[in-house]
Amino acid sequence: MSTTSSHHPSTANGGATVEIRPSPPPLPNFLNSVKLKYVKLGYHYLMSHLLTLCLLPLIAVTAVNLSQLNLDDVEKLYDHLQYNLITVVGISAATIIGTTAYLMTRPRPVYLVDYSCYRPPDNLKVKFDVFMERSRLHGGFNESALEFQRKILERSGLGEETYLPEALHSIPPVPSMAAARKEAEDVMFGALENLFESTKVNPKDIGILVVNCSLFNPTPSLSSMIVNKYKLRGNIKTFNLGGMGCSAGVIAVDLAKDMLQVHRNTYAVVVSMENITQNWYFGNKKSMLIPNCLFRVGGAAVLLSNKSADKRRAKYKLLHTVRTHCGADDTAFNCVYQEEDDARKVGVSLSKDLMAIAGSALKANITTLGPLVLPISEQVLFFASLVARRIMDSKTKPYIPDFKLAFDHFCIHAGGRAVIDELEKNLQLSDEHVEPSRMTLYRFGNTSSSSIWYELAYTEAKGRMKKGNRVWQIAFGSGFKCNSAVWEAVKTVKPSDNNPWADCIHKFPVKISV
């Protein structure tokens, strides 16, 4: 804040002073001084409450008219209704029938009672130097492939405490069917044991079971292994989703949601995981070596319910699921592709077009999701921007909706550092918004379809999940697919006793070197 000062110079003929005051400062430039973010917040508030503001005059007029009614007016209204009994009965019957039909056909709410993320034992941790030493001892990688893997590891965003399956810790590795089954059992049963313990649900009460794992699909299926382990009931509806990539966790939730609309008063369990044992690549093709450096052991089990009694103990309510499939485009279809290299060694190849394709899939997904979640103010701005670009100049930059107005927390699939960076940039998110994704990638690596649950657990462990908060889980997968799930916290969520971050959350976030 500036102050006005006086200047008192002496005159030549002796002692008289003249007070010289500076000219008053100009009025402030309003456009430069007003913080536009507050103008935008005011606009959003106005648009969000537009319906209420429009109804207020109508409510006021109605209230004034009702206040002027006397006893004679009430008696006249009663007589009028008596002479039109058939009309009154017809309207009442239509109202009852309509209400009943609505209650019978409306979507049943789906609640997330609890979930559990598998945390492998410490002896399965793999440091970078151990990873490189084991790769060198295997003898199947040439020097160029080893150096490539070293560089990818250093830039990956992974830390030194991620996990590899027991079979890959052996020298030499033993990627057998038995070892792959053991990895699957450890992950699935480890997550389910904690889930049943925390929820006190009898496994025989489960009516729907959905398991997703892309690259390991034995016979009997993974879902059958769970049925056999816990002796689930004979009429349980089981599903096994394979080959659907890292976004299959949201697909499994969407399938469970649809099944819960059909089957009343029951539980659905979703198990999301990936199996690494038999899908480690031992060749030298660089595009197929990247998954070795990113994918790690992990899995999650989720308990969903359509029972009204579970609302009180549930953590979240499922609001929306949106699935986008770009498989009709050949480039998108081939960008994540399991194949043999020239030496007949099987692996998953990642295309250089992957990030561009992911961006297109994201754009298609949020175009559908936006109208479901964004406030009307953002939708108006986006529509106006679209019209302006069509009419005036198609080269002008389009308006990007502010999804921070729709969501409080973001669980972006920890597929890799580049994926998180691109979404942070394109959705204009803050460091705190992407912190759960970065820390999950650092601590657990890319656990495929289960990564979004480790991220949600991180948010809970930090004590950030408050009642009414909305969460956006978004994942990308082969095919190519981009899928979203939106949850709302029905209460202030405290972390479960089996939270995978329970004993280390105080160490995070950590600074990740570039």
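Rules and cut-offs
Residues numbered from 1 in each chain as written. Predicted model: local features only at pLDDT ≥ 70, side-chain atom pairs only at ≥ 80, totals over all residues. Heavy atoms only, no water. UniProt positions renumbered as here; feature names shortened; annotations may be inferred. Pairing = 2+ DSSP bridges. Helix = DSSP H or I, 4+ residues; strand = E, 2+ residues; numbered from the N terminus. Axes fitted to C-alpha atoms, helices over the stretch in contact; angles between N-to-C directions. Parallel < 35°, antiparallel > 145°, perpendicular 65-115°, else oblique. Left-handed = near helix turned anticlockwise from the far one by under 90°. Contact = heavy atoms within 4.5 Å. Nonpolar A, V, L, I, M, F, W, Y, C, P; charged D, E, K, R; others polar. Buried < 20%, exposed > 50% of the residue type's maximum accessible area, 1.4 Å probe, protein only. Salt bridge = Lys/Arg side-chain N within 4 Å of Asp/Glu carboxyl O.

The chain is annotated in an unreviewed UniProt entry as 3-ketoacyl-CoA synthase from Ambrosia artemisiifolia. What UniProt records for the chain under Subcellular location (unreviewed entry) is the sentence "Membrane". If you open the UniProt record of the chain and go to Sequence similarities (unreviewed entry), you find "Belongs to the thiolase-like superfamily. Chalcone/stilbene synthases family."

> Explain the sheet that holds strand 7 (residues 299–305) here, please?
The pairing of strands in a sheet comes from backbone hydrogen bonds and takes either a parallel or an antiparallel form. Spatial strand order, 5-4-6-7-1-8-13-12-11: 9 strands in an open sheet with mixed pairing. Each edge of the open sheet carries a strand with a single partner, namely strand 5 (237–241) and strand 11 (409–412). The mean angle between the axes of side-by-side strands here comes to 20°, regardless of whether they run parallel or antiparallel. With 7 bridges connecting them, strand 6 (residues 267–273) and strand 7 associate as antiparallel partners. Its bridge partner being in strand 7, methionine 273 is matched across the sheet by glycine 299.

> Just checking my understanding: could you explain the packing of helix 6 (residues 128–138) against helix 7 (residues 143–155) for this structure?
Between two packed helices, the angle of one axis relative to the other and the distance separating the axes together describe the packing. For the pair helix 6 and helix 7, the least separation of the axes is 11 Å and the interaxial angle reads 165°. By the angle between their directions, the pair helix 6 and helix 7 is classed as roughly antiparallel. For helix 6 against helix 7, the interelement crossing comes out right-handed. Across the interface between the two elements, Phe128, Phe131, Met132, Ser135 and Arg136 from helix 6 touch Glu143, Leu146, Gln149, Arg150 and Leu153 from helix 7. Its residues assigned to classes, the contact of helix 6 with helix 7 comprises 5 nonpolar, 2 polar and 3 charged.

> Any chance you could explain the pairing of strand 7 here in plain terms?
Remark: a regular strand shows side chains that alternate across the two faces of the sheet. For strand 7, a buried count of 7 out of 7 residues is recorded, marking the element as mostly surrounded by other parts of the structure. Residues Gly299, Ala301, Leu303 and Ser305 line one face of strand 7 and the alternating positions Ala300, Val302 and Leu304 line the opposite face, and both faces are buried. Here strand 1 (residues 111–117) pairs with strand 7 via 6 bridges, running antiparallel. Within strand 7, the residue paired with tyrosine 111 across the bridge is serine 305.

> So what exactly am I meant to see when it comes to the pattern of salt bridges here?
Counted according to the given criterion, the structure contains 20 salt bridges. Two residues, lysine 125 and glutamate 161, come together in a salt bridge whose shortest N-O distance is 3.5 Å. A residue pair is termed long-range when its members are at least 10 positions apart, and lysine 125 in strand 2 (residues 125–126) and glutamate 161 in the loop between helix 7 and strand 3 (162–163) qualify at 36 residues. When the shortest N-O distance is used, the salt bridge between arginine 150 and glutamate 147 registers 2.3 Å. A residue pair is termed a helical-turn pair when its members lie 3 or 4 positions apart in one helix, as arginine 150 and glutamate 147 do in helix 7 at 3 residues. Glutamate 147 gets classed as partly exposed once you look at its relative accessible area, which sits at 31%. Each member of the salt-bridge network shares a partner with another, and the members are Asp122, Lys125, Glu161 and Arg443.

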